[in-house]
Amino acid sequence: MFIVLLTLLPLFIPSVSAQEDCPINYGCNNTNIPNSEVEIYCGKHDTNMTGRCCIFKNTIIGLDLRYCDVKILNISQPAFSQIEILDLRDNEYEKVTTHEFINLLKLNFLYLPQHIPCPGGHFSWNITNKDHNMTSCIEQLNPCLSLNISCGDAKNAECHHLGPGTAKCICSPGYFGYKCLNNGGFPVDIFTCSVIVPTIVLSVALWFIQGRDAYRKQS
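Residues numbered from 1 in each chain as written. Predicted model: local features only at pLDDT ≥ 70, side-chain atom pairs only at ≥ 80, totals over all residues. Heavy atoms only, no water.

Novice: So what's going on with the overall build of the chain? Residues and values would help.
Specialist: Counting its secondary structure elements, the chain contains four helices and eleven strands. Sorting the 219 residues of the chain into buried and exposed places 32% on the buried side. A separation of at least 24 residues holds for 38% of the contacts in the chain among residues at least 6 apart in sequence. By element, 59% of the accessible surface of the chain is carried by carbon and sulfur atoms, the whole surface being about 14,400 Å². (Helix = DSSP H or I, 4+ residues; strand = E, 2+ residues; numbered from the N terminus. Buried < 20%, exposed > 50% of the residue type's maximum accessible area, 1.4 Å probe, protein only. Contact = heavy atoms within 4.5 Å. Areas by Shrake-Rupley, 256 points an atom, 1.4 Å probe, with all protein chains shown as cover.)

Novice: With reference to specific residues and values, describe a nonpolar patch on the surface.
Specialist: Together, Phe123, Leu147 and Ile149 make up a nonpolar patch on the protein surface, roughly 260 Å² of accessible area in all. Relative accessible area serves as the criterion here: at 32%, Ile149 is assigned to the partly exposed category. (Patch = residues over 30% accessible without salt bridge, like charges linked within 9 Å, V, L, I, M, F, W, Y side chains within 5 Å. Salt bridge = Lys/Arg side-chain N within 4 Å of Asp/Glu carboxyl O.)

Novice: So, the state of the cysteines: which residues are in play, and what are the values?
Specialist: Summed over the entire model, instances satisfying the criterion amount to seven disulfides. Note on cysteine connectivity: Cys144 is disulfide-linked to Cys159, with sulfurs 2.0 Å apart. Handedness of the Cys144-Cys159 disulfide follows from its S-S torsion of about -80°: it is left-handed. With Cys144 in helix α3 (residues 143-146) and Cys159 in strand β8 (residues 157-163), this residue pair connects regions lying 15 residues apart in the sequence. Judged by its relative accessible area of 9%, Cys144 is buried. (Disulfide = S-S within 2.5 Å.)

Novice: Just give me the short version of the side chain of Arg52, but keep the residues and values in it.
Specialist: Structurally, Arg52 is set in the loop between β1 (49-50) and β2 (53-56). Asp64 is the oppositely charged side chain nearest to the buried, salt-bridge-free Arg52, at an N-O distance of 4.1 Å. Here the side chain of Arg52 touches Arg66 through a polar contact of 2.7 Å, landing on its backbone oxygen. (Lys, Arg positive; Asp, Glu negative; His and termini not counted. Polar contact = N/O pair within 3.5 Å; in protein donor to acceptor, adjacent residues only side chain to side chain.)

Novice: Please give an account of helix α2 (residues 37-44) that cites residues and values.
Specialist: Those residues of α2 not exposed but buried are Val38, Tyr41 and Cys42. Down the axis of α2, the smallest arc covering the buried residues is 100°, so these residues share one side. The secondary structure elements touched by the buried residues of α2 are β1, β2, β3 (59-64), β4 (85-87) and β5 (109-113). (Arc of directions from axis to C-beta.)

Novice: Quick one: what's the story with the pattern of salt bridges, residue by residue and with numbers?
Specialist: Applying the stated criterion to the full structure yields three salt bridges. Here Arg66 ties to Asp90 by a salt bridge, and the two come within 2.9 Å at their closest N and O atoms. Residue Arg66 is found in the loop between β3 and β4, and its partner Asp90 is found in the loop between β4 and β5; the two are separated by 24 residues along the sequence. The exposure class of Arg66 is buried, given its relative accessible area of 5%. By relative accessible area, which is 38% here, Asp90 ends up partly exposed. One salt bridge in this structure joins Arg89 and Asp87, with 2.7 Å as the shortest N-O distance. On the basis of relative accessible area, Arg89 is assigned to the buried category, the value being 11%.

Printed below as a string of structure tokens:
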């Protein structure tokens, strides 16, 4: 029994370490994956795969989720924010949304099942291609620039790139409202009064009407 435990121990420890270093939440088929684009990319950085992750200088830069039964992408953990290459082929993926890729600003190589288009469309990638039973999305573009998104006056607001095909206008300090056209502090008192006063009036009116009806029924 002691010899068996010693034999199994070295096999057990690396799997725990790989899970900690590559914290994916999918039940992947861990058989050898042929033609791994992530592994090839990893080799170009003179580093090796750890589980399904390519880790370079303690940072996850690649993720291979082929054969992981992915239906909805969930890699919002900070550990995956620096990903440069992501492979989602060979999954029962019906569609992707731009929301699933928010904060993946460094993602420049995305591989999808062939029937799924690149998130954000061709305006979000320098190259979009369908071949070899996959969709390739190469070199992510900043939609603030590629779509020439206007946030109004440049001094009032700035367009921020959030991910493939996703951007948001963020007001500069001291500005708020539609296209950040309003200057100064947000009128909290006016807003509060405009919400509370009508609510109180409506409540009193409803209480008066319903209460009077109830009083008549009791009489």
